[in-house]
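Examining the three-dimensional arrangement
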Amino acid sequence: MERRSLLKLGVGAAALLALAGGGVALFQPGLAAGRLTDSGKRVFEAVARAVLDGSLPRAASEQRAALSAQLKRLDDVILAFPAAVQAELSQLLAILSNGAGRRLLAGLSTDWPDASVAEIQAAFDDMRLSGLAARQQAYHALRDLTNAAFYADASAWRLMGYPGPRPI
Amino acid sequence: MTSTTASTIPDPIRSGLQRGWRVRGGAHGPLPARITCDVAIIGSGAGAGITAELLTHAGLQVVLVEEGPLKSSSDFRQLESEAYPSLYQESAGRKTADKAITILQGRCVGGSTTVNWTSSFRTPPTTLEHWQQHFGLTDYTEAALAPWFAQAEQRLNIGPWLTPANRNNEVLRAGARRLGISAAGIQRNVKGCWNLGSCGMGCPTNAKQSMLVTTIPTALDRGATLLVETRADAFVVGHGQVQALVCTPVAGNGAPVHGAAPTRIVARHFVVAGGAINSPALLMRSGVPDPHRLLGKRTFLHPVVISAATFDERVEAWSGAPQTLYSDHFLHSQPIDGPMGYKLEAPPMHPVIVSTTLTGHGQAQADLLKQFPQTQGLLALLRDGFHADSPGGTVQLRDDGSPVLDYPLNDYVMDGARRAFLSMAEIQFAAGARQVSPVHEMARQYTSWAQAREAIQALPMKPLLTRVVSAHVMGGCAMAGHERQGVVRPDGVHWQLANLSVHDGSLFPTSIGANPQLSVYGVANRLATGLAMSLTGRDVQLVA
Ligand SMILES: Cc1cc2nc3c(=O)[nH]c(=O)nc-3n(C[C@H](O)[C@H](O)[C@H](O)COP(=O)(O)OP(=O)(O)OC[C@H]3O[C@@H](n4cnc5c(N)ncnc54)[C@H](O)[C@@H]3O)c2cc1C
């Protein structure tokens, strides 16, 4: 079941998993009961630093607070997805939190928490223009979920000049 | 239900519940283990709503089964963060199998009509002619359908929109005029519209004449039963008939409610109206006969590509009635079965939709989104299903029985997408855009039409590079005049099972080539009137 839905991520992802050498057992799931696990959070926090670069506060402590708010919102976004979507996301995060998987799928040599924004962004640019559907799909999933969680919140609207709903 | 603002706007759902509507499921109380009725309708969207109103008018005991929640104006706070998870299929993140197309569909009482943008078009005559010629739908003529559309228009207050278009739409008219391309006004189904622009998050003023505030309340007032947060899992088929429908209580994310018992509905007749993708999936899960292997095939999307433009002045594309002007120029400039034609419209834009649909990340994205107030958007609805190279997609079942649509974006579709990018950029520049950016991973912001034209011609038009979305799912249970070509007959009744009908967008044998809601309303009106007659001998009408 785990393996079958992983295949739907694309033939590429299955090949990567085989190359990464592990089989599912070596991987930490990205979600548990629909919520981000610690390893899932590590990936998404780094993704947020890169995708939201230019929109996050620059001061370190403020940025930390913004990132933890982001992870909390992301948890809510993910919880609302149906089980099949959660399972795919969990596996994607599992591959990405594993060193070999991260290198193969994201092309990122540094581990997520240590990678610089520039390194992650360069990896993302390779992913989105990759000839391998699995890498493109992974990029879209990470980037779109990050944006969905971030820009749903009123605190992000002022960055877009969006005044919010008209009162009725 | 959560209480929200101290609004003075009357809430027709809350007052209906107080009047004693029969609603069960979720917070409305547990489902009975067994229900017997005349007709069970699956879904509560466009096709289901019209059908429920007509069948209850004929005196039939009707049960509606809806997997989404019952929300209403007091719950609609114009917030994407609340609307997408509670009102849309898969939290508005439903995707095709290869993840190249994002699909918006409703999942709440009222279905997609609760969240749609109110654009109302009759089925184009050229589409009907194609159905007559290629699918044996000989009585689907413009003249034969006209009265059914007219009644739906009257019932749902469909008429010209007399308020000036917002600037987002005005760009389409201005650019088209400069280029000598025709553009015209779109009819809308609203009554006392506040011009808020948040139709996609549920109408907080009940102006939109969706099924939620029209036919469903009428049916409930006439004694229909509504089961919410309840999924129709499968029909029990035997002796050439549907014997029963098995339903499961589901949680907000669609997961079965832990420990809750299923409900069995026994009815004389069953009407499937779960919308394209979900309707064929229900029939597939049920193992209904499909001798010609047509079920779930030829599912169409009007694949949409988008062009974003930046203007010097503010556009505020979030504000005001969403789609009020259109151009069919590029539908009419080629034969219907030639290169893919497209309809142009200007969609509403809000932070989540925009930030997930436009491309990029990091500083580039931050800079782009800073321009949101000056950003204008055009979309092209590609008319799929009329050419041999446009067979649409196929519904498949995942291991857990949930549906996923496989829709390959082939070269034929992508050729249409490229031409659409070109047309939209030309119109936007003609209207005075400072920069135009087709929504494609490799596109940049182009500063002149000449530059954009050259760049768009060179863009690799591939899935996952080109952003493609859809809010118009059609087909998968096609009707046809011959058994070999259709899942259901021209009267909506299943070719193999006499007490099963389909009344929703999955009926269409091709895409519509126009926003589909009125096509669903008109066709469901005709089919449900016929069904009421065959079940009761009574002649009922949507409007007196
Ligand atoms: C954001 C958006 C904007 C749109 N804008 C326009 C527009 O401006 N003009 C226009 O013409 N069209 C528009 N549309 C499309 C239009 O609303 C749909 O084409 C139309 O509502 C389809 O009707 P339907 O009866 O096929 O299905 P729907 O209206 O989608 O209803 C199907 C219902 O069935 C329920 N259901 C499905 N399966 C099951 C099951 N197994 N058990 C129980 N319940 C089930 C679903 O939850 C849903 O509520 C828009 C759609 C969206 C999503």
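Residues numbered from 1 in each chain as written. Chains lettered and ligands numbered in written order. Predicted model: local features only at pLDDT ≥ 70, side-chain atom pairs only at ≥ 80, totals over all residues. Heavy atoms only, no water.

Section: the overall build of chain A
The test is simple: For helices the rule is a DSSP run of H or I covering at least 4 residues; for strands it is a run of E covering at least 2, with both sets numbered from the N terminus onward. Only protein chains enter the area calculation, which uses a 1.4 Å probe; residues under 20% of their type maximum are buried, those over 50% are exposed, and those in between are partly exposed. Only the protein chains shown count as covering a residue, and every accessible area follows the Shrake-Rupley method with a 1.4 Å probe.
Each helix and strand counted, chain A has nine helices and two strands in total. Reading chain A from its N end, one meets helices and strands in the order α-α-β-β-α-α-α-α-α-α-α. Out of the 168 residues in chain A, the part that is buried amounts to 53%. Accessible surface, chain A as shown: approximately 7,000 Å² in total, 57% of it carbon and sulfur.

A look at the sheet that holds strand E9 (residues 187–189) of chain B
Residues and elements named next belong to chain B. Just so we agree on the cut-off: Here, any two strands with at least 2 DSSP bridges between them count as paired.
Ordered by their spatial adjacency, three strands build an open sheet running E6-E9-E7, and the pairing between neighbours is antiparallel. Because the sheet does not close on itself, it has two edges, and the strands there are strand E6 (119–120) and strand E7 (158–159). Pairing of E6 with E9 involves two bridges; the strand directions are antiparallel. Looking across to E9, one finds that Ser119 is bridged to Arg188.

Brief notes about the pairing of strand E20 (residues 403–406) of chain B
Residues and elements named next belong to chain B. Bridging between strand E19 (residues 394–397) and E20 involves four bridges; their strand directions are antiparallel. Within E20, the residue paired with Val395 across the bridge is Leu405. Linking E19 back to E20 in an antiparallel pair, the connection comprises five residues, with Gly401 at a positive phi of about 90°.

Remarks on the confidence of the model for chain A
To be explicit about the condition: What pLDDT conveys is the predictor's confidence in a given residue, as a value from 0 to 100. In this analysis, two residues are considered to be in contact whenever any of their non-hydrogen atoms come within 4.5 Å of each other.
Of all residues in chain A, 85% have pLDDT values of 70 or greater, and the mean over the chain is 89. This stretch, residues 1–8 of chain A, has a pLDDT under 50; its non-local contacts, to residues over four places away or in other chains, come to 16 contacts.

Looking at the UniProt feature "domain: Glucose-methanol-choline oxidoreductase N-terminal" (unreviewed entry) in chain B
This is how the line gets drawn: UniProt positions are given in the numbering used here, feature names are shortened, and annotations may be inferred rather than shown by experiment.
Feature annotation in UniProt assigns "domain: Glucose-methanol-choline oxidoreductase N-terminal" (unreviewed entry) to the following positions: residues 86–304 of chain B. The span residues 86–304 of chain B is 26% helix and 22% strand, and its two end C-alpha atoms sit 24 Å from each other.

Focus on the site of the ligand
Residue and element names in this part refer to chain B. The condition is simple: The near set for a molecule or strand comprises every residue that places at least one heavy atom within 4 Å of it. As used in this structure description, the phrase polar contact means that two N or O atoms lie within 3.5 Å; if the pair is within protein, one of them must be able to donate a hydrogen and the other to accept it, and residues adjacent in sequence are counted only when both atoms belong to side chains.
Around the ligand, a shell composed of 40 residues is seen, among which Glu66, Ser112, Ser119, Gly505 and Gln517 lie nearest. The separation between an oxygen atom of the ligand and a polar main-chain atom of Cys108 is 3.1 Å. The separation between a nitrogen atom of the ligand and a polar main-chain atom of Ala232 is 2.9 Å. The protein chains hide 98% of the 1,000 Å² of surface that the ligand would expose on its own. Secondary structure elements with two or more residues in the shell around the ligand: helix H2 (46–57), strand E11 (230–238), helix H8 (278–286) and helix H14 (517–536). A total of three residues in the shell around the ligand trace back to one element, the largest contributor, which is E11.

Details of the nonpolar core
To keep things clear, this is the line we draw: Nonpolar cores were defined as sets of buried Ala, Val, Leu, Ile, Met, Phe, Trp, Tyr and Cys residues, with membership established by side-chain atoms within 4.5 Å.
In terms of nonpolar packing, the biggest core is built from 109 residues, with Phe44, Trp112, Phe124 and Leu142 of chain A touching the most fellow members. Per-element tally for this core: the top contributor is helix H12 (residues 411–430) of chain B, with 11 residues. Not counting residues within four places of it along the chain, the set of residues in contact with Phe124 of chain A comprises Val47, Ala50, Val51, Tyr139 and Leu142 of chain A together with His361 of chain B. Listed in part, the 102 residues of the second largest apolar core include Val62, Ile186, Val271 and Leu531 of chain B.

Here's the deal with the pairing of strand E3 (residues 62–65) of chain B
All names here are of chain B. Of the two faces of E3, the one holding Val62 and Leu64 and the one holding Val63 and Val65 are both buried throughout. In this sheet, E3 lies alongside strand E2 (residues 34–42) in parallel orientation, the contact comprising four bridges. Bridge pairing in E3 links Ile42 to Val65. Pairing of E3 with strand E10 (residues 225–227), which is carried by three bridges, proceeds in the parallel orientation. Bridging across to E10, Val65 finds its partner in Leu227.

Section: the UniProt feature "domain: Glucose-methanol-choline oxidoreductase C-terminal" (unreviewed entry) in chain B
Per the UniProt entry, the sites bearing "domain: Glucose-methanol-choline oxidoreductase C-terminal" (unreviewed entry) are residues 393–524 of chain B in this numbering. The distance from the first to the last C-alpha atom of residues 393–524 of chain B is 23 Å, and the span holds 29% helix and 15% strand.

Details of the interface of chain A and chain B
As a reminder of what qualifies: Buried area adds together the accessible area that both of two parts lose upon being put together, with accessible area traced by a 1.4 Å probe. Salt bridges are identified by distance alone: a Lys or Arg side-chain nitrogen within 4 Å of an Asp or Glu carboxyl oxygen.
Chain A puts 43 residues into the contact, and the matching count from chain B is 49 residues. Regarding the contact of chain A and chain B, the summed buried area is about 3,900 Å², with carbon and sulfur atoms giving 56% of it. Per-residue buried area on chain A facing chain B is highest for Met160, Arg166 and Ile168 of chain A; these three make up 18% of the total on that side. Our count for the chain A to chain B interface comes out at three salt bridges. Measuring nitrogen to oxygen at the nearest pair gives 3.0 Å for the salt bridge that ties Arg467 of chain B to Asp144 of chain A. In this structure, the connection of chain A to chain B is made through 21 residue pairs in polar contact (both at pLDDT 80 or more). Sorting the residues of the side of chain A that touches chain B by element identifies helix H3 (38–51), helix H5 (83–97), helix H7 (117–128), helix H8 (133–151) and helix H9 (154–160) of chain A as the ones contributing at least two each.

What about empty space enclosed by the protein?
Residues and elements named next belong to chain B. Put simply, the rule is: A cavity here means a set of points on a 1 Å grid, drawn over the protein atoms and nothing else, where a 1.4 Å probe fits but cannot get out; a pocket is an open set with protein on both sides within 12 Å along at least five of seven lines, and a residue lines either one if it has an atom within 4 Å of a point. Grid points are joined across faces, edges and corners, and a volume is the space filled by probe spheres set on the points. All amino acids are sorted into three groups, where Ala, Val, Leu, Ile, Met, Phe, Trp, Tyr, Cys and Pro are nonpolar, Asp, Glu, Lys and Arg are charged, and the leftover types, Gly among them, are polar.
What the rule picks out here adds up to six cavities of 30 Å³ or more. Its boundaries defined by the atoms lining it, the largest cavity holds a volume of some 110 Å³. What lines the largest cavity is a set of 17 residues, and nearest its centre among them are Cys193, Leu196, Gly197, Cys199 and Cys203. Considered class by class, the residues forming the lining of the largest cavity number 10 nonpolar, five polar and two charged. Approximately 90 Å³ is the volume attributed to the second largest cavity. Together, Glu80, Tyr84, Tyr88, Leu104, Trp117, Gly197, Gly200, Met201, Pro348, His350 and Ile353 line the second largest cavity. Of the residues contributing to the lining of the second largest cavity, the split by class is seven nonpolar, three polar and one charged.

Some words on unusual backbone geometry
Residues and elements named next belong to chain B. Residues other than glycine seldom take positive phi values, yet Glu229 does so here, at roughly 50°. Position of Glu229 among the secondary structure elements: in the loop between E10 and E11. Taking the relative accessible area as the measure of exposure, Glu229 reaches 23% and is therefore partly exposed. A positive phi angle is found at His239, which is not glycine, with a value near 55°. For His239, the position within the fold is in the loop between E11 and strand E12 (241–249). On the accessibility criterion, His239 (81% relative accessible area) is exposed.

A short note on the environment of Asp233 of chain B
All names here are of chain B. Relative to the helices and strands, Asp233 is located in strand E11. Spatially, the C-alpha atom of Asp233 lies 12 Å from that of Pro403, the residues being 170 residues apart in sequence. Apart from residues no more than four positions distant in its own chain, Asp233 is found in contact with Val246, Cys247, Thr248, Leu282 and Arg285.

Here's the deal with the packing of helix H5 (residues 142–155) of chain B against H14 of chain B
Residue and element names in this part refer to chain B. For clarity, the cut-off: Lines fitted to C-alpha atoms define the axes here, with helix axes fitted over just the stretch in contact, and angles between the N-to-C directions of these axes take values from 0 to 180 degrees. Each angle receives one of four descriptions, namely roughly parallel if under 35 degrees, roughly antiparallel if over 145, roughly perpendicular if within 65 to 115, and oblique otherwise.
Between H5 and H14, the shortest axis-to-axis distance is 8 Å and the interhelical angle comes to 105°. Taken together, the axes of H5 and H14 lie roughly perpendicular to each other. Counting all contacts with H5, which are made through Ala144, Leu145, Trp148, Phe149, Gln151, Ala152 and Glu153, the residues of H14 involved are Leu518, Ser519, Tyr521, Gly522, Asn525, Arg526 and Thr529. Residue composition of the contact of H5 with H14, by class: seven nonpolar, five polar and two charged.

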